[in-house]
Amino acid sequence: FRFFRWAWRATYLSAIAGLVYTGYGIYEMKNPGDQAEPDPTKKTLVILGSGWGAVSLLKKLDTENYNVIVISPRNYFLFTPLLPSCTTGTIEHRSIMEPVRNFLRHKKAAVKFYEAEATKIDYAKKVVYINDESEVKGATSSTEVPFDMLVVGVGAENATFGIPGVREHSCFLKEVNDAQRIRKRIMDCCETATFKDQSPEERKRLLHMVVVGGGPTGVEFAGELQDFFENDLKTWMPEIADEFKVTLVEALPSVLPMFSKQLIDYTEQTFKEETIEIRTKTMVKNVTKDYIEAEYVGADGKKVMEKIPYGLLVWATGNAVRPVVKDLMSQIPAQADARRGLNVNEYLVVKGTENVWAVGDCAVANYAPTAQVAAQEGAFLARLFNQMAKTEEIEAELKSLSVAQETAPKDARDQIFANIKDLQKRLRRTNSMGPFEYSHQGSLAYIGSEKAVADISWLTGNIATGGTVTYFFWRSAYLSMCFSTRNRVLVLMDWIKAKTFGRDVSRE
Ligand code: FAD
Ligand code: NAI
């Protein structure tokens, strides 16, 4: 009885603490403090992008030290780990978007934001050329922005490996509009398949959902799609129940190559139970409007080219370098060997430059292109820039004290000398920042039917786990990692809504 009383008290207190925390989050969000105007006499720090790397840098950067300008074609941050859930309406896309203006308004000194795409970086001239890519164009839609310091955090684009037809016929899964397009296409395929007098072959094609790429994006999407079918579509459209099919095509011998063998086997087994077909060792070579052509090695050891008809094709084969980054690489001789992005040193400085840094998917620093890496790199740069500003301040003070010491009367000189010693000590402390070191917290992926897999670094070892408990861990981890209290509340409400009423099957 005593135990229950204590348990009740603990639950009650944690609920109150949760409410207070959420209430404070909302209050803080709605009441930003006064902001100092940007100081044009300070160094101009231009940050390209509003993704994981750039936003993590902005979060921790002391903006009073620089004249900060952010440029991105997207005026929001996107919490990509939950993007696959938006393709089926488990989560509404706005729940995982955080407007850049919201968090910039909370910085100590104001930051300028331009919604635009950087089309070219001229390293020699120290200028970024930008284009307003929005539908509404003013009299000026392209201009240039000079910089003293530049951070490139523009991420990557979708890899197609030059395979014909990919861009024209498939859906990618990187941005909000990709998820919206997929959501619409799923329903379009289902409704068109049930159109009067539709032939059986055409119904089969339309209800075949093909995912190319067995990395985490492809696997998570396939899992979400099968959930949507099992939990909702089957109920609301029983006439498609026997024909709806999800196939995952992967060129390598297994899916999720970055996970341990045990979790790969678990994922493949779970997919089998979920009736998702996995076609490993199958390389897509061509894409047409209605089918893909994929090559695999047949039982006789000969290569076979198979036509696989599809209604929806989602292309998730990883990252490629953006044109603006490729162009910058071509201007810097030290980047001649770079292929996958900007080669950076241990302080994330783009090799061959002095005043350009790169973070996230567009930088090559021997880490996987993940949000975890990008966020840690961004936070590192914020610390580095805050420290650089402090160093410059101390150096300026030292310079003026040295001048003062020469002209000061004899009795004041001792005091100035002591101050100089003190400043030199502070300077040594500030200059002691080590290089960037990535700390891997683990990998998590949702695999459908309320199961997830996790390879987690724990104390001295690794834990590889999969199943329903891991799924709850996956949910709580991602909920806590959401950008703001607003995002957290909205995501939680979406999960409750989808569980209570089912996902929305209306086609927008
Ligand atoms: P991004 O976050 O992609 O941001 C790039 C920014 O640059 C965007 O704001 C973009 O609009 C802007 N930009 C683009 N071009 C220009 C230009 N020319 N000029 C100016 N700005 C430009 N990683 C994990 O660790 N865990 C996960 O669970 C996970 N899930 C994922 C799920 C999906 C569906 C996807 C697609 C990725 C996932 N990732 C995950 C990977 C992760 O999202 C990326 O590694 C991460 O977004 C990289 O951060 P970034 O800042 O380099 O780029
Ligand atoms: P990826 O690069 O991880 O996987 C792409 C897969 O596509 C590869 O396995 C490759 O063999 C396959 N492929 C390439 N061309 C092919 C073809 N023609 N035919 C068939 N298969 C082909 O890409 P993904 O999943 O988009 O992930 C990109 C990055 O984002 C990765 O670093 C990943 O770790 C990260 N990410 C992490 C997530 C998580 O931690 N939960 C979720 C999503 C992405």
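Residues numbered from 1 in each chain as written. Chains lettered and ligands numbered in written order. Predicted model: local features only at pLDDT ≥ 70, side-chain atom pairs only at ≥ 80, totals over all residues.

1. Re the pairing of strand S2 (residues 67–72)
And then number 1: Taking burial as the measure, the six residues of S2 include six buried ones, the bulk of the element.
And then number 2: Judged by which residues are buried, S2 turns out to be covered on both faces: Asn67, Ile69 and Ile71 on one side and Val68, Val70 and Ser72 on the other are all buried.
And then number 3: Here strand S1 (residues 44–48) runs beside S2; their pairing, made up of five bridges, is parallel. Directly across from Leu45, in S2, lies its bridge partner Val68.
And then number 4: What joins S1 to S2 is helix H2 (residues 52–60), and the crossover it makes is right-handed.
And then number 5: Two elements, S2 and strand S5 (residues 112–115), share four bridges in a ladder whose sense is parallel. Looking at S5, one finds that Ile71 is bridged to Tyr114. (Buried ≥ 20, exposed ≤ 12 C-beta atoms within 10 Å, placed from the backbone. Helix = DSSP H or I, 4+ residues; strand = E, 2+ residues; numbered from the N terminus. Pairing = 2+ DSSP bridges. Right-handed = clockwise from strand over helix to strand, strands pointing away.)

2. Thoughts on the site of ligand 2
And then number 1: Not every one of the 29 residues close to ligand 2 is listed here, only the nearest: Gly213, Gly215, Pro216, Thr217 and Gly318.
And then number 2: When contributions to the shell around ligand 2 are tallied by element, the ones reaching two or more residues are helix H8 (216–236), strand S14 (283–287) and strand S22 (442–448).
And then number 3: Broken down by element, the shell around ligand 2 gets its largest block of residues, four residues, from H8.
And then number 4: The residue inventory of the shell around ligand 2, partitioned by class, reads 17 nonpolar, ten polar and two charged.
And then number 5: There are two domains that each give the shell around ligand 2 at least three residues, and those are domain 1 (32–156 + 321–389) and domain 2 (166–319 + 440–501). (Near = placed C-beta within 6 Å. Nonpolar A, V, L, I, M, F, W, Y, C, P; charged D, E, K, R; others polar. Domains from an automatic or database assignment.)

3. Remarks on the sheet that holds strand S8 (residues 142–146)
And then number 1: Here three strands make up an open sheet; going across it, the order is S6-S7-S8 and the pairing antiparallel. Where the open sheet ends on each side, the last strands, each with one partner, are strand S6 (117–122) and S8. Between one strand and the next, the sheet's axes are offset by a mean angle of 25°, whatever the strand orientation. (Axes fitted to C-alpha atoms, helices over the stretch in contact; angles between N-to-C directions.)

4. Focus: helix H1 (residues 2–30)
Given 3.6 residues per helical turn, the α-helix brings residues three or four places apart onto the same face.
And then number 1: The terminal C-alpha atoms of H1 lie 42 Å apart, and with 29 residues this matches the ideal 42 Å at 1.5 Å per residue to within 8%.
And then number 2: Sparse coverage of H1 is indicated by the burial of zero of its 29 residues. (Expected span 1.5 Å × (residues − 1).)

5. Side note on the packing of helix H11 (residues 371–407) against helix H12 (residues 410–430)
And then number 1: In contact at an axis separation of 10 Å, H11 and H12 are set at 160° when each is read in the N-to-C sense. In terms of their interaxial angle, H11 and H12 are classed as roughly antiparallel. Read as a crossing pair, H11 and H12 show a hand that is left-handed. Counted together, Gln387, Lys390, Thr391, Ile394, Glu395, Glu397, Leu398, Leu401, Ser402, Ala404 and Gln405 of H11 and Arg413, Ile416, Phe417, Asn419, Ile420, Leu423, Arg426, Leu427 and Thr430 of H12 form the full contact between these two elements.
And then number 2: Residue classes in the contact of H11 with H12 are distributed as nine nonpolar, six polar and five charged. (Parallel < 35°, antiparallel > 145°, perpendicular 65-115°, else oblique. Left-handed = near helix turned anticlockwise from the far one by under 90°. Contact = placed C-beta atoms within 7 Å.)

6. Some remarks on the site of ligand 1
And then number 1: Around ligand 1, 33 residues are found, and the nearest of them are Gly49, Gly51, Gly155, Gly360 and Thr370.
And then number 2: Listed by contribution, the elements that provide at least two residues to the shell around ligand 1 are H2, S2, helix H3 (83–86), S6 and H11.
And then number 3: Among the residues making up the shell around ligand 1, the classes are represented as 16 nonpolar, twelve polar and five charged.
And then number 4: Both domains that furnish three or more residues to the shell around ligand 1 are identified here as domain 1 (32–156 + 321–389) and domain 2 (166–319 + 440–501).

7. Quick look at the sheet that holds strand S11 (residues 208–212)
And then number 1: Strands sit in the order S13-S12-S11-S17 across an open sheet of four strands; the sheet is parallel. Each having just a single partner strand, strand S13 (277–279) and strand S17 (312–315) make up the two edges of the open sheet. Strand-to-strand twist in this sheet, taken as the mean axis angle between neighbours without regard to direction, amounts to 20°.
And then number 2: Sheet analysis places S11 next to strand S12 (residues 245–249), joined by five bridges and oriented parallel. The partner of His208 across the bridge, within S12, is Lys245.

8. A word on the packing of H1 against helix H14 (residues 485–501)
And then number 1: Running from amino to carboxyl end, H1 crosses H14 at an angle of 125°, the nearest separation of the two axes being 9 Å. The angle between H1 and H14 places the two elements in the oblique class. Between H1 and H14, the residues in contact are Thr22, Gly25, Ile26 and Met29 and Thr485, Arg486 and Val489, respectively.
And then number 2: Split into classes, the residues belonging to the contact of H1 with H14 amount to three nonpolar, three polar and one charged.

9. Some remarks on unusual backbone geometry
Most peptide bonds adopt trans geometry, and most residues besides glycine take a negative phi value.
And then number 1: Of note, the phi angle at Lys281 is positive, near 50°, even though the residue is not glycine.
And then number 2: Phi at Asn366 takes a positive value of approximately 70°, unusual for a residue other than glycine.
And then number 3: Within the fold, Asn366 resides in the loop between strand S21 (363–364) and H11.
And then number 4: Judged by the 8 C-beta atoms lying within 10 Å of it, Asn366 is exposed.

10. Points about the domain arrangement of the chain
And then number 1: Taken domain by domain, the chain comprises domain 1 (32–156 + 321–389), domain 2 (166–319 + 440–501) and domain 3 (391–430).
And then number 2: Between domain 1 and domain 2, the C-alpha centre-to-centre distance is 30 Å.
And then number 3: Contacts between the two partners involve 25 residues from domain 1, matched on the other side by 24 residues from domain 2.
And then number 4: Residue assignment for the side of domain 1 that touches domain 2 shows that the elements contributing at least two residues are strand S3 (76–78), H3 and strand S4 (97–99).
And then number 5: Among the residues forming the side of domain 1 that touches domain 2, the class breakdown is 14 nonpolar, eight polar and three charged.

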